[in-house]
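Remarks on the overall topology
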Amino acid sequence: MGQILAYRGDVLVQLPLPLGQTLHTKQPSFRQDPNNGRPYIEEIYSTDEAKCLHALICLKNAVIGSNRQKGFVVQHGVISRLIQIISCDSSPVSVRIEATIILGSIAKGTDEHVKALVDMNIIPLLVKGVLEDGDESSARLVEASLCCLRTLLQSGLAPTGTLAQDSDFVQHLLALLRASITSQMAIATILTAECKTPECQDLLSAHGAVYSLTALLCSPHRKVQMPALSCLAKIIFQNRGVALAAASASFGGRPLPDILTSLMAQDMPKGMQLSSARCLTYLHRAGALSASDDIIKGKTLSCLTRLCDKNHDNGIKAIAAETLGYLTEVDMILQKDASILNHLITNLAMYFKYAMEEVPPLQAQLRQAAFRAFASLGANDEDIRKKIIETEGLMDHIVCGLQDSSPGVRLAAIRCLHSLSRSVQQLRTTFQDHLVWKPLMNLLKHASDDDVVTVASSTLCNLLLEFSPSKEPILELGAIDLLCGLTRRKEAALRLNGIWALMNMAFQAEQKIKSQILKALGTEQIFRLLSDPEVNVLMKTLGLLRNLLSTKPHIDQIMNLHGIQIMQAVILILEGNHSAEVKEQALCILANIADGDSAKDFIMTNEDVLKKLASYMMHSSVKLQVAAIFCVSNLVWKEESGALERQARLKEMGVHKLLQQLINTSDTLLFDKVKTAMTQFSDS
């Protein structure tokens, strides 16, 4: 007795029902019209196997290529009968094959058709069909099940990511790669759709997927090679372990990187060149192939820049530029080489023109790809940045990109702006001319995506540098409150950008701005940031305090208002388990405090701090010795009021003797600081 699925109300239940037994559920009724081409529908419900099979074949021929016929099947509930058939073990295999093929055809219809299948929970039944074992007819059922499953998973409407976690099913799929060409294509596509996590990548690799896919790349059939390339790219993406395994894989004595290189040859289809270049790009970025390897530096880079040329299809160009951006993102040499190949910068600039001639999805893809590539190319080299910025109309495109309706375009435009904002010259000229800070601040105020906020706030850090003319208008738009808010975010990158931008803002700022920062941030938040587990956040917080405590009037005023808390913060760092770099910043803050007039008293009246200064003068770290002695110099500077009393106090504590011991140091910088400090004591 087999099992079938049927609906009771809204519930899908299993019922025992051999094909030859009379159905106890009511058939849908159809208006009979000898010209409607569907008289066979009722025979699908027949208990006569031959009639049922004939009807299925007729229905199959009707639905293939016709969304109207697919819609008829969906609207009249015929899907339920087809599912009954494929779920019944006692149904003849030939009948189950035809029903599965029909379901596969419906899966190629509209989103509504696909959703109808997914809602009927068809995927477990297809998996069951894939696991069918037997004679040649069973192999045809497996193939039909694979094709239907592939189409559903490709649609984006079916749940994915669970099948690749089933070790036995994965192993079975990989074993089926020895079957027909159609099965090979379907399996590679299924694995591509299912591979969602590093754990899935690892599982597939552990079962030999890399070797199996390498073998498929050597197939004489292009339609097998293409899905195999897509699957390979998905498995190795950002997974170092799998990428290393792939880089050492081979088939027929040919290493996988060499096979991929051969598939990038110019006589290969453009899509295959691009897919092979993507695989090699992912191998490089995952650490399996170095940037200096000729496969990457020469062939892959050359292939991608060539595919960005105007003569290729816009879809190819978009993916090529996106991949090129990823390939060159972190390597300066690749960036420089790419920028001079095949007129790349000029070709990328044309993407904005091509976009205007395309349908909306491809418009966004082209703009996003161009911004992404420009962002990577200009990440490190000033000359490249200059070439990019001087491209006609680019800054206008960036400003528009920051306000684009597509999230991907907005993020790519921000990345491009961030890359270009590293240019001091452009901050002073081009950026000001185009008022890029307006849409940038608008994004920061309203964006909910963390990636957008992270890159936008990083860009804002550069726009707030002392020499940037954008600094004042950005402040007027409420940047201080916005940035203080970022320092309270749970994401470390946002806290870092918030405090970094505040540090830049405070550099050589007016007293009014410094007071606004301290008021908005608050000493309690400063203490929290000084206890932050991310050392970069801690360092930038100390940098902010240094910048706030600069120029005598500012130092005295700030210490008069917040001196007790600031001294507590410095002591907290000096007594904590921190690196020399961190403690150096704390000592530099003390040195700034010592440069004030009244602020000096916060140090001179604190016995504990004076003892710490003396101890750091003899520290094993030269940078800490230099910082401590710089602070002492500021305290005893003989031209300032009260210098004699401070010199006497420090002499009493043995500081002068310590300086005498250090005068014979071989370190040039330390010697200069010691000599300067001793000079201040000389006339006392």
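Note that the structure is predicted; figures quoted are calculated from it, not measured.

**Quick look at the overall build of the protein**
Each helix and strand counted, the protein has 42 helices and four strands in total. Seen through its principal axes, the protein has C-alpha atoms that stretch 120 × 55 × 50 Å. The burial tally for the protein puts 54% of its 684 residues in the buried class. A fraction of 67% describes how many contacts in the protein between residues 6 or more apart in sequence connect residues 24 or more apart.

**Focus on a negative patch on the surface**
The grouping of Glu42, Glu43, Asp48 and Glu49 at the surface amounts to a negative patch. By the element assignment, Asp48 lies in the loop between strand E2 (11-16) and helix H1 (49-63).

**Observations concerning the environment of Gln69**
Assignment of secondary structure puts Gln69 in helix H2 (residues 67-75). We classify Gln69 as buried; its relative accessible area is 13%. Residues Gln69 and Ser276, 207 residues apart in the sequence, show an inter-C-alpha distance of 39 Å.

**Quick notes on helix H30 (residues 479-486)**
The periodicity of an α-helix, 3.6 residues per turn, causes residues three or four positions apart to be oriented the same way. Across the eight residues that make up H30, a large majority, six, are buried. What H30 keeps buried is the set Ala479, Ile480, Leu482, Leu483, Cys484 and Leu486. Lining the buried residues of H30 we find helix H27 (437-446), helix H28 (450-463), helix H29 (471-476), helix H31 (492-506) and helix H32 (511-521).

**Focus on the side chain of Asn634**
By the secondary structure assignment, Asn634 is in helix H39 (residues 622-636). When neighbours within four sequence positions are excluded, Asn634 is seen to be in contact with Ala591, Ala594, Asp595, Lys600 and Glu640.

**Structural notes on the packing of H39 against helix H42 (residues 668-681)**
Axis separation between H39 and H42 bottoms out at 9 Å; the angle between their running directions is 20°. Judged on the interaxial angle alone, H42 and H39 are roughly parallel. Read as a crossing pair, H39 and H42 show a hand that is left-handed. Along its contact with H39, which presents Val622, Gln625, Val626, Ile629, Phe630, Val632, Ser633 and Val636, the element H42 presents Leu669, Leu670, Lys673, Val674, Thr676, Ala677, Gln680 and Phe681.

**Side note on the pattern of salt bridges**
Evaluation of the coordinates by the stated rule reveals 25 salt bridges. In this structure, Arg96 and Glu132 form a salt bridge, with 3.1 Å as the shortest nitrogen-oxygen distance. Here Arg96, found in helix H4 (residues 93-106), pairs with Glu132, found in the loop between helix H6 (123-130) and helix H7 (136-154); they are 36 residues apart in sequence, far enough to count as distant. When the shortest N-O distance is used, the salt bridge between Arg489 and Asp450 registers 2.9 Å. Of this pair, Arg489 sits in the loop between H30 and H31 while Asp450 sits in helix H28, placing them 39 residues apart in sequence.

**Re the nonpolar core**
One finds Ile79, Leu152, Leu483, Leu590, Ile593 and Ile603 to be the most contacted residues of the largest nonpolar core, which totals 238 residues. Residues within four places of Ile79 in sequence aside, it is in contact with Val73, Val74, Leu103, Ile106, Ala116, Leu117 and Met120.

**Description of the environment of Ala158**
Note that Ala158 resides in the loop between H7 and helix H8 (167-175). Classification of Ala158 as buried rests on a relative accessible area of 8%. Between the alpha carbons of Ala158 and Gln660 there is a distance of 78 Å; along the sequence they are 502 residues apart. Sequence-distant contacts of Ala158, that is, excluding residues within four places in its chain, are made with Val118, Ile123, Leu152 and Leu153.

**Remarks on unusual backbone geometry**
At His343, a position not held by glycine, the phi torsion is positive, near 50°. Of note, His343 is situated in the loop between helix H18 (332-339) and helix H19 (344-349). Here the phi dihedral of Gln508 falls at roughly 50°; this positive angle occurs in a residue that is not glycine. Within the element layout of this structure, Gln508 appears in the loop between H31 and H32.

**Details of helix H13 (residues 240-247)**
For H13, the set of buried residues is Val242, Ala243 and Ala246. What you see down the axis of H13 is that its buried residues fit within an arc of 100°, all on one side. At the N-terminal end of H13, a side-chain oxygen is found 3.3 Å from the backbone nitrogen of Gly241, two or three residues along, and the residue is Asn239.

**With respect to the packing of aromatic side chains**
Each aromatic ring pair is summarised here by two numbers: the centre-to-centre distance and the angle between the ring planes. Tallied over the full model, the rule gives six aromatic pairs. Residues Phe352 and Phe371 carry aromatic rings whose centres are separated by 5.1 Å and whose planes lie at 50° to one another, so their mutual orientation is tilted. Here Phe371 lies in helix H21 (residues 360-377) and Phe352 lies in helix H20 (residues 351-356), a separation of 19 residues in the sequence. For the pair formed by Phe352 and Phe371, the shared burial category is buried.

**Some points on the confidence of the model for the protein**
Summing up the model confidence of the protein, the mean pLDDT is 90 and the portion of residues at 70 or higher is 94%. Here residues 1-37 is a poorly scored stretch, pLDDT under 50, and it has 75 contacts once near neighbours within four places are set aside; other chains count.

**Digging into the environment of Asp381**
Inspection of the secondary structure assignment puts Asp381 in the loop between H21 and helix H22 (382-389). A residue is classified by how much of its surface remains accessible, and Asp381, at 15% relative accessible area, is buried. In sequence terms Asp381 and Thr665 are 284 residues apart; their C-alpha atoms lie 40 Å from each other. In terms of polar contacts, Asp381 uses its side chain to reach the backbone amide nitrogen of Asp383, at 2.9 Å.

Criteria and cut-off values
- Residues numbered from 1 in each chain as written.
- Predicted model: local features only at pLDDT ≥ 70, side-chain atom pairs only at ≥ 80, totals over all residues.
- Heavy atoms only, no water.
- Helix = DSSP H or I, 4+ residues; strand = E, 2+ residues; numbered from the N terminus.
- Buried < 20%, exposed > 50% of the residue type's maximum accessible area, 1.4 Å probe, protein only.
- Contact = heavy atoms within 4.5 Å.
- Patch = residues over 30% accessible without salt bridge, like charges linked within 9 Å, V, L, I, M, F, W, Y side chains within 5 Å.
- Areas by Shrake-Rupley, 256 points an atom, 1.4 Å probe, with all protein chains shown as cover.
- Salt bridge = Lys/Arg side-chain N within 4 Å of Asp/Glu carboxyl O.
- Lys, Arg positive; Asp, Glu negative; His and termini not counted.
- Charge placed at Lys NZ, Arg CZ, Asp CG, Glu CD.
- Axes fitted to C-alpha atoms, helices over the stretch in contact; angles between N-to-C directions.
- Parallel < 35°, antiparallel > 145°, perpendicular 65-115°, else oblique.
- Left-handed = near helix turned anticlockwise from the far one by under 90°.
- Core = buried A, V, L, I, M, F, W, Y, C linked by side-chain atoms within 4.5 Å.
- Arc of directions from axis to C-beta.
- Polar contact = N/O pair within 3.5 Å; in protein donor to acceptor, adjacent residues only side chain to side chain.
- Phe/Tyr/Trp six-rings, centres within 6.5 Å; stacked < 30°, edge-to-face > 60°.
- pLDDT = per-residue confidence, 0-100.

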